Amino acid sequence: MKKRGKKYLDALSKIEKGKAYTKEEAIKLVKETSVSNFTSSVELAVRLNLDTKKADQQLRGAIVLPNGTGKTKKVLVIARGENAKKAVDAGAEYVGDTDMLEKIEKENWFDFDVMIATPDMMPLLGKLGRILGPKGLMPNPKTGTVTTDVEKAVKDVKAGRVEYRTDSFGNIHGIIGNTSFDEKALLENLEAFMSVLIKAKPSTVKGDYIKNISIATTMGPGIKIITNSFDK
(Lines give C-alpha, C1' and ligand atoms only; values in the text may rest on other atoms or scores of the structure.)
Protein backbone atom coordinates (compact mmCIF):
# COMPACT_ATOMS: atom_id res chain seq x y z
CA MET A 1 0.00 0.00 0.00
CA LYS A 2 1.33 3.40 -0.97
CA LYS A 3 2.40 5.50 2.00
CA ARG A 4 0.85 8.98 1.98
CA GLY A 5 2.61 12.10 3.23
CA LYS A 6 1.43 14.28 6.11
CA LYS A 7 0.10 17.01 3.80
CA TYR A 8 -2.01 14.50 1.89
CA LEU A 9 -3.39 12.96 5.09
CA ASP A 10 -4.21 16.43 6.46
CA ALA A 11 -6.06 17.23 3.23
CA LEU A 12 -7.87 13.89 3.32
CA SER A 13 -9.05 14.55 6.88
CA LYS A 14 -11.08 17.52 5.57
CA ILE A 15 -13.14 15.21 3.37
CA GLU A 16 -15.89 13.11 4.94
CA LYS A 17 -15.43 9.49 3.83
CA GLY A 18 -18.20 8.28 1.52
CA LYS A 19 -19.91 11.67 1.37
CA ALA A 20 -20.93 13.33 -1.89
CA TYR A 21 -20.89 17.13 -1.72
CA THR A 22 -22.78 19.86 -3.53
CA LYS A 23 -20.83 21.31 -6.45
CA GLU A 24 -20.24 24.52 -4.48
CA GLU A 25 -18.93 22.64 -1.43
CA ALA A 26 -16.70 20.49 -3.64
CA ILE A 27 -15.13 23.51 -5.35
CA LYS A 28 -14.39 25.10 -1.97
CA LEU A 29 -12.87 21.84 -0.69
CA VAL A 30 -10.73 21.23 -3.78
CA LYS A 31 -8.95 24.54 -3.22
CA GLU A 32 -8.46 23.74 0.48
CA THR A 33 -7.06 20.24 -0.17
CA SER A 34 -4.31 21.09 -2.67
CA VAL A 35 -1.11 19.44 -1.41
CA SER A 36 1.49 20.50 -3.99
CA ASN A 37 3.96 23.37 -3.67
CA PHE A 38 3.01 24.63 -7.13
CA THR A 39 -0.22 25.79 -8.77
CA SER A 40 -2.10 22.53 -9.26
CA SER A 41 -4.51 21.67 -12.04
CA VAL A 42 -8.07 20.94 -10.95
CA GLU A 43 -9.25 17.78 -12.68
CA LEU A 44 -12.73 16.41 -13.23
CA ALA A 45 -13.46 12.68 -13.42
CA VAL A 46 -16.89 11.44 -14.49
CA ARG A 47 -18.00 7.81 -14.65
CA LEU A 48 -20.83 7.35 -17.11
CA ASN A 49 -23.23 4.47 -17.66
CA LEU A 50 -21.97 3.69 -21.15
CA ASP A 51 -21.28 0.53 -23.09
CA THR A 52 -18.22 1.63 -25.02
CA LYS A 53 -18.40 -1.50 -27.20
CA LYS A 54 -21.26 0.32 -28.95
CA ALA A 55 -20.07 2.98 -31.39
CA ASP A 56 -22.80 5.49 -30.46
CA GLN A 57 -21.76 5.31 -26.78
CA GLN A 58 -18.12 6.25 -27.39
CA LEU A 59 -18.22 9.95 -26.57
CA ARG A 60 -15.63 12.31 -27.96
CA GLY A 61 -15.66 16.06 -28.33
CA ALA A 62 -14.32 19.37 -27.07
CA ILE A 63 -15.45 22.34 -25.05
CA VAL A 64 -14.13 25.89 -24.71
CA LEU A 65 -14.23 26.55 -20.97
CA PRO A 66 -15.67 29.98 -20.09
CA ASN A 67 -12.63 30.83 -17.93
CA GLY A 68 -9.95 28.85 -19.78
CA THR A 69 -7.74 26.17 -18.25
CA GLY A 70 -4.95 28.33 -16.86
CA LYS A 71 -2.53 26.69 -19.30
CA THR A 72 -1.06 28.12 -22.50
CA LYS A 73 -0.98 25.60 -25.34
CA LYS A 74 1.32 25.62 -28.36
CA VAL A 75 -0.55 25.07 -31.61
CA LEU A 76 0.68 23.52 -34.86
CA VAL A 77 -1.51 24.07 -37.92
CA ILE A 78 -1.12 21.95 -41.04
CA ALA A 79 -2.53 24.07 -43.86
CA ARG A 80 -1.65 25.84 -47.08
CA GLY A 81 -2.34 29.18 -48.75
CA GLU A 82 -4.95 31.47 -47.22
CA ASN A 83 -5.68 29.03 -44.39
CA ALA A 84 -2.00 29.03 -43.40
CA LYS A 85 -2.00 32.83 -43.33
CA LYS A 86 -5.15 32.87 -41.16
CA ALA A 87 -3.53 30.42 -38.75
CA VAL A 88 -0.50 32.69 -38.34
CA ASP A 89 -2.76 35.71 -37.80
CA ALA A 90 -4.78 33.80 -35.19
CA GLY A 91 -1.65 33.13 -33.12
CA ALA A 92 -0.56 29.59 -34.02
CA GLU A 93 3.05 28.98 -32.97
CA TYR A 94 3.82 26.75 -35.93
CA VAL A 95 2.25 26.64 -39.41
CA GLY A 96 3.26 24.53 -42.39
CA ASP A 97 2.44 21.45 -44.44
CA THR A 98 4.84 18.74 -45.64
CA ASP A 99 7.79 20.51 -44.01
CA MET A 100 6.24 20.17 -40.56
CA LEU A 101 5.14 16.59 -41.15
CA GLU A 102 8.67 15.63 -42.21
CA LYS A 103 10.06 17.34 -39.11
CA ILE A 104 7.78 15.20 -36.92
CA GLU A 105 8.62 11.99 -38.78
CA LYS A 106 12.37 12.45 -39.20
CA GLU A 107 13.30 14.46 -36.11
CA ASN A 108 10.71 13.06 -33.66
CA TRP A 109 9.68 16.69 -33.08
CA PHE A 110 6.75 17.32 -30.74
CA ASP A 111 7.18 20.88 -29.46
CA PHE A 112 3.43 21.51 -29.62
CA ASP A 113 0.34 20.59 -27.60
CA VAL A 114 -2.41 20.61 -30.25
CA MET A 115 -2.39 19.92 -33.98
CA ILE A 116 -5.04 21.43 -36.25
CA ALA A 117 -5.37 20.50 -39.93
CA THR A 118 -7.55 21.45 -42.87
CA PRO A 119 -9.46 18.52 -44.46
CA ASP A 120 -7.36 18.60 -47.64
CA MET A 121 -4.22 17.89 -45.59
CA MET A 122 -5.55 14.77 -43.87
CA PRO A 123 -4.37 12.31 -46.58
CA LEU A 124 -0.81 13.51 -45.93
CA LEU A 125 -1.30 13.06 -42.19
CA GLY A 126 -2.47 9.48 -42.60
CA LYS A 127 1.01 7.95 -42.57
CA LEU A 128 1.77 9.68 -39.28
CA GLY A 129 -1.26 8.18 -37.54
CA ARG A 130 0.87 5.53 -35.84
CA ILE A 131 3.00 8.31 -34.32
CA LEU A 132 0.35 10.95 -33.55
CA GLY A 133 -2.45 8.61 -32.45
CA PRO A 134 -0.84 7.17 -29.30
CA LYS A 135 0.15 10.69 -28.21
CA GLY A 136 -3.44 11.97 -28.64
CA LEU A 137 -2.27 14.50 -31.24
CA MET A 138 -4.04 13.22 -34.37
CA PRO A 139 -6.52 15.86 -35.61
CA ASN A 140 -10.16 14.76 -35.54
CA PRO A 141 -13.36 16.40 -36.85
CA LYS A 142 -15.21 15.46 -33.63
CA THR A 143 -12.92 17.68 -31.57
CA GLY A 144 -12.85 20.52 -34.09
CA THR A 145 -9.20 19.99 -35.01
CA VAL A 146 -9.99 19.06 -38.62
CA THR A 147 -11.63 22.17 -40.01
CA THR A 148 -11.66 24.80 -42.75
CA ASP A 149 -12.10 27.50 -40.09
CA VAL A 150 -8.54 27.37 -38.75
CA GLU A 151 -8.82 30.87 -37.30
CA LYS A 152 -11.65 29.85 -34.95
CA ALA A 153 -9.94 26.55 -34.09
CA VAL A 154 -6.69 28.28 -33.07
CA LYS A 155 -8.54 30.93 -31.05
CA ASP A 156 -10.61 28.23 -29.28
CA VAL A 157 -7.44 26.40 -28.20
CA LYS A 158 -5.91 29.64 -26.95
CA ALA A 159 -9.15 30.47 -25.09
CA GLY A 160 -9.08 27.18 -23.18
CA ARG A 161 -10.51 24.39 -25.32
CA VAL A 162 -10.50 21.00 -23.58
CA GLU A 163 -10.94 17.72 -25.41
CA TYR A 164 -12.72 14.79 -23.80
CA ARG A 165 -13.29 11.16 -24.70
CA THR A 166 -14.51 8.06 -22.91
CA ASP A 167 -12.03 5.39 -21.97
CA SER A 168 -12.97 1.70 -22.30
CA PHE A 169 -14.76 1.82 -18.93
CA GLY A 170 -16.94 4.86 -19.75
CA ASN A 171 -14.83 7.31 -17.73
CA ILE A 172 -14.11 10.87 -18.86
CA HIS A 173 -11.29 13.00 -17.44
CA GLY A 174 -10.64 16.70 -18.05
CA ILE A 175 -9.05 19.81 -16.58
CA ILE A 176 -11.40 22.55 -15.36
CA GLY A 177 -8.77 25.07 -14.26
CA ASN A 178 -6.18 25.34 -11.50
CA THR A 179 -5.91 26.33 -7.85
CA SER A 180 -5.15 29.97 -8.71
CA PHE A 181 -8.73 30.33 -10.04
CA ASP A 182 -11.34 31.73 -7.68
CA GLU A 183 -14.28 29.52 -6.71
CA LYS A 184 -16.69 31.26 -9.10
CA ALA A 185 -14.45 30.66 -12.14
CA LEU A 186 -13.89 26.99 -11.25
CA LEU A 187 -17.61 26.46 -10.68
CA GLU A 188 -18.49 28.04 -14.04
CA ASN A 189 -15.97 25.79 -15.81
CA LEU A 190 -17.28 22.70 -13.98
CA GLU A 191 -20.89 23.52 -14.89
CA ALA A 192 -19.97 24.18 -18.52
CA PHE A 193 -18.10 20.86 -18.81
CA MET A 194 -20.93 18.87 -17.21
CA SER A 195 -23.53 20.62 -19.39
CA VAL A 196 -21.70 19.39 -22.52
CA LEU A 197 -21.50 15.82 -21.20
CA ILE A 198 -25.19 15.78 -20.27
CA LYS A 199 -26.19 17.05 -23.73
CA ALA A 200 -24.00 14.35 -25.30
CA LYS A 201 -25.98 11.54 -23.62
CA PRO A 202 -26.66 8.84 -26.23
CA SER A 203 -30.36 8.06 -26.72
CA THR A 204 -29.64 4.34 -26.28
CA VAL A 205 -28.49 4.69 -22.64
CA LYS A 206 -30.79 2.91 -20.19
CA GLY A 207 -31.03 3.87 -16.51
CA ASP A 208 -28.96 6.53 -14.75
CA TYR A 209 -26.48 8.18 -17.12
CA ILE A 210 -24.09 9.64 -14.55
CA LYS A 211 -22.69 7.13 -12.05
CA ASN A 212 -20.03 9.17 -10.29
CA ILE A 213 -18.51 12.67 -10.38
CA SER A 214 -15.39 13.75 -8.55
CA ILE A 215 -12.81 16.54 -8.66
CA ALA A 216 -9.27 16.66 -7.35
CA THR A 217 -6.10 18.70 -7.59
CA THR A 218 -2.84 17.24 -8.91
CA MET A 219 -1.72 14.74 -6.23
CA GLY A 220 -4.68 15.75 -4.02
CA PRO A 221 -7.53 13.53 -2.76
CA GLY A 222 -10.73 13.10 -4.76
CA ILE A 223 -13.95 14.85 -3.72
CA LYS A 224 -17.25 13.30 -4.75
CA ILE A 225 -20.06 15.50 -6.08
CA ILE A 226 -23.78 14.69 -5.83
CA THR A 227 -24.61 13.21 -9.24
CA ASN A 228 -27.83 15.19 -9.77
CA SER A 229 -26.15 18.52 -8.94
CA PHE A 230 -26.28 19.52 -12.59
CA ASP A 231 -29.91 18.65 -13.34
CA LYS A 232 -31.84 21.55 -14.80
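Quick note: structure is the one above.
Parameters and conventions
- Residues numbered from 1 in each chain as written.
- Predicted model: local features only at pLDDT ≥ 70, side-chain atom pairs only at ≥ 80, totals over all residues.
- Heavy atoms only, no water.
- Axes fitted to C-alpha atoms, helices over the stretch in contact; angles between N-to-C directions.
- Helix = DSSP H or I, 4+ residues; strand = E, 2+ residues; numbered from the N terminus.
- Parallel < 35°, antiparallel > 145°, perpendicular 65-115°, else oblique.
- Left-handed = near helix turned anticlockwise from the far one by under 90°.
- Contact = heavy atoms within 4.5 Å.
- Nonpolar A, V, L, I, M, F, W, Y, C, P; charged D, E, K, R; others polar.
- Buried < 20%, exposed > 50% of the residue type's maximum accessible area, 1.4 Å probe, protein only.
- Pairing = 2+ DSSP bridges.
- Core = buried A, V, L, I, M, F, W, Y, C linked by side-chain atoms within 4.5 Å.
- Arc of directions from axis to C-beta.

S.K.: So what exactly am I meant to see when it comes to the packing of helix H3 (residues 81-90) against helix H7 (residues 150-159) here?
M.R.: Any two packed helices are characterised by how steeply their axes cross, that is the angle between the axes, and by the distance between the axes. Where H3 contacts H7, the two axes come as close as 8 Å, and the packing angle between them is 25°. The orientation of H3 relative to H7 falls into the category roughly parallel. Taken as a pair, H3 and H7 cross one another with a handedness that is right-handed. Here H3 contributes Asn-83, Lys-86, Ala-87 and Ala-90 to the contact with H7, which in turn contributes Val-150, Glu-151, Val-154 and Lys-155. Among the residues forming the contact of H3 with H7, the class breakdown is four nonpolar, one polar and three charged.

S.K.: Could you clarify how one ought to interpret the pairing of strand E5 (residues 114-117) in this entry?
M.R.: If a strand is regular, its side chains alternate between the two faces of the sheet. Covered by surrounding structure in E5 are Val-114 and Ile-116 together with Met-115 and Ala-117, the residues of both alternating faces. Of the strand pairs in this sheet, strand E3 (residues 75-78) and E5 are connected by four bridges, and their pairing is parallel. By the bridge assignment for E5, Val-77 is matched with Ile-116.

S.K.: I would appreciate a short explanation of the sheet that holds strand E1 (residues 41-48) in the present structure.
M.R.: Pairing between the strands of a sheet is mediated by backbone hydrogen bonds and can be parallel or antiparallel. Read across the sheet, four strands follow the order E7-E1-E8-E9 without closing on themselves; strand pairing throughout is antiparallel. Strand pairing shows two members of the sheet lacking a second neighbour, strand E7 (171-178) and strand E9 (223-225), which therefore form its edges. Each adjacent strand pair in this sheet contributes to an overall mean axis angle of 25°, direction not counted. Alignment of strand E8 (residues 210-217) against E9, held across three bridges, turns out to be antiparallel. For Ile-213, the partnering residue across the bridge sits in E9 and is Ile-225. Packed onto the sheet, helix H8 (residues 183-199) meets E1, E7, E8 and E9 and runs at close to 155° relative to E7.

S.K.: What am I meant to see in unusual backbone geometry here?
M.R.: Trans is the common state for peptide bonds, and a negative phi is the common state for residues other than glycine. Positive phi is not limited to glycine here, since Asn-108 has a value of about 55°. Following the sequence through the fold, Asn-108 ends up in the loop between helix H4 (98-107) and E5. Residues other than glycine seldom take positive phi values, yet Met-219 does so here, at roughly 70°. Counting through the fold element by element, Met-219 comes out in the loop between E8 and E9.

S.K.: Just to check I follow, could you spell out the nonpolar core for this structure?
M.R.: Most often, soluble globular proteins have nonpolar side chains that are buried together. Core analysis: the largest hydrophobic core is formed by 35 residues, its most contacted members being Leu-44, Leu-190, Phe-193, Met-194 and Ile-215. Within the residue set of this core, elements represented by two or more residues are helix H2 (23-32), E1, strand E6 (161-165), E7, H8, E8 and E9. With eight residues, H8 is the largest single contributor of residues to this core. Judged by nonpolar contacts, the second largest core, of 15 residues, contains Ile-104, Trp-109, Phe-112 and Leu-132.

S.K.: How should I be thinking about H4 in this particular structure?
M.R.: An α-helix turns once every 3.6 residues. As a result, residues three or four positions apart point the same way. Residues of H4 that are buried include every one of Met-100, Leu-101 and Ile-104, and no others. What you see down the axis of H4 is that its buried residues fit within an arc of 100°, all on one side. For H4, exposure combined with an orientation more than 90 degrees from the buried face picks out Lys-106 and Glu-107. Tucked into the core, H4 has its buried residues touching E3, strand E4 (94-96), E5, helix H5 (122-125) and helix H6 (129-132). The first or second residue beyond H4 is Asn-108, which carries a positive phi of 55°.

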